[in-house]
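Residue-level structural notes
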Amino acid sequence: MKSDIEIARGTELKKIKQVAESIGIPRDEVENYGRYIAKIPEQLIDEEKVKQSNLILVTAITATKAGIGKTTVSIGLALGLNKIGKKAIVALREPSLGPCFGMKGGAAGGGYAQVLPMDKINLHFTGDFHAITSAHNMISALLDNFLYQNQSNGFGLKEILWRRVLDVNDRSLRNIVTGLGAKTDGITMQSGFDITPASEIMAILCLASDMEDLRRRIENILLGFTYDDKPFTVKDLGVAGAITVLLKDAIHPNLVQTTENTAAFVHGGPFANIAHGCNSILATKMAMTFGDYVITEAGFGADLGAEKFYNIKCRKSGVQLD
């Protein structure tokens, strides 16, 4: 039996513009990231076509410890539907480098049911995770600078809720002290790093309906509380526009292909234990615009991911499962 990587490397890929054309996306709307990966502008979403498409959710009664199985089944179902003449597209989450280099391994399916190019999808892909990491940590840096610059005015936060993120499993950075050194090196305080899929920015990107909605959600991020118990948000910090600009490319859904050269959207990747655990609403709606059947997945088991899919993603997006 061939390994996943042998199967992936033995598959002859189509140019991504051919894959896009096969589902009705115009060639001139395809923004190439190399030969086999592209971003598709969210403006192509057609809400009327979304209503006519069939959305299918793959979940599990009891997921394995590492959560293995749902992605492979989702891709396999899309392949099967296409094989019997249905226009089916799969919409999945992007993998995180932490689990990819941990016990879980990759998140692009397995065997003859994979999304390709598997190695690029599992690594840096189109840079979405890097953009989210940068946006999150930019808020951290600007917040620390705001506190430093305004301490002489008597301004301070009683409690800071905003931490930092990195897409690596690094337990030594979970709890840290920042601002050590000279007086000009900032205010000494406790902080820490979470993994990038646990970033609120990741959840926001995957729930946003467009750039304007993305900015509104970023403005509403709660950073902490002042000494008179008032909330302090990104809007109070005055940097929402700058943070949104960092995500201007990351908001576009990513188009790749399966082992049988059918279209697949892989976009966003919030963890299900701390967020809603689904790919982006924009990618799902994009798939529903161009596919009669869209297969997607929810993180962990039915009691966590599927419930969040119904209670959060369906409610926020207006789409319903078939």
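Residues numbered from 1 in each chain as written. Predicted model: local features only at pLDDT ≥ 70, side-chain atom pairs only at ≥ 80, totals over all residues. Heavy atoms only, no water.

Points about the sheet that holds strand 12 (residues 222-226)
Filter applied, for reference: Strands are treated as partners if at least two bridges between them are detected by DSSP. Numbering of helices and strands runs from the N terminus, with a helix taken as a DSSP run of H or I at least four residues long and a strand as a DSSP run of E at least two residues long. Axis angles are defined between N-to-C directions and span 0 to 180 degrees, where every axis is a line fitted to C-alpha atoms and, for a helix, only to the segment in contact.
In spatial order, the strands read 7-12-13; together these three strands make up an open sheet with antiparallel pairing. One side of each edge strand has no neighbouring strand; the edge strands of this open sheet are strand 7 (157-160) and strand 13 (231-233). When strand polarity is set aside, the average angle formed by the axes of neighbouring strands in this sheet is 35°. One ladder, built from three bridges, connects strand 7 with strand 12; its direction is antiparallel. Residue pairing for strand 12: Glu159 is matched across the bridge by Phe225.

So, helix 12 (residues 281-290)
Which entries qualify depends on this criterion: Exposure is judged per residue with a 1.4 Å probe applied to protein chains only, and the accessible area is read against the type maximum: over 50% gives exposed, under 20% gives buried, and values in between give partly exposed.
Among the ten residues of helix 12, ten are classified as buried, and the element is accordingly described as predominantly covered. Of the positions making up helix 12, those classed as buried are Ile281, Leu282, Ala283, Thr284, Lys285, Met286, Ala287, Met288, Thr289 and Phe290.

Details of the packing of helix 8 (residues 200-207) against helix 9 (residues 211-219)
In plain terms, the rule: The labels follow the angle: roughly parallel below 35 degrees, roughly antiparallel above 145, roughly perpendicular from 65 to 115, and oblique for the rest. Here is the rule for handedness: rotate from the far helix to the near one, and if that takes an anticlockwise turn smaller than a right angle the crossing is left-handed, while a clockwise turn gives right-handed. The contact rule is simple, with two residues in contact once any of their heavy atoms fall within 4.5 Å. Any residue outside Ala, Val, Leu, Ile, Met, Phe, Trp, Tyr, Cys, Pro, Asp, Glu, Lys and Arg is labelled polar, Gly included; the first ten of those are nonpolar and the last four are charged.
Interaxial distance between helix 8 and helix 9 falls to 9 Å at its minimum, and their mutual angle equals 150°. The pairing of helix 8 with helix 9 is recorded here as roughly antiparallel in orientation. Seen along the crossing, helix 8 lies across helix 9 with a hand that is right-handed. Counted together, Ile201, Ile204, Leu205 and Leu207 of helix 8 and Asp213, Leu214, Arg217 and Ile218 of helix 9 form the full contact between these two elements. When grouped by side-chain class, the residues that make up the contact of helix 8 with helix 9 number six nonpolar, no polar and two charged.

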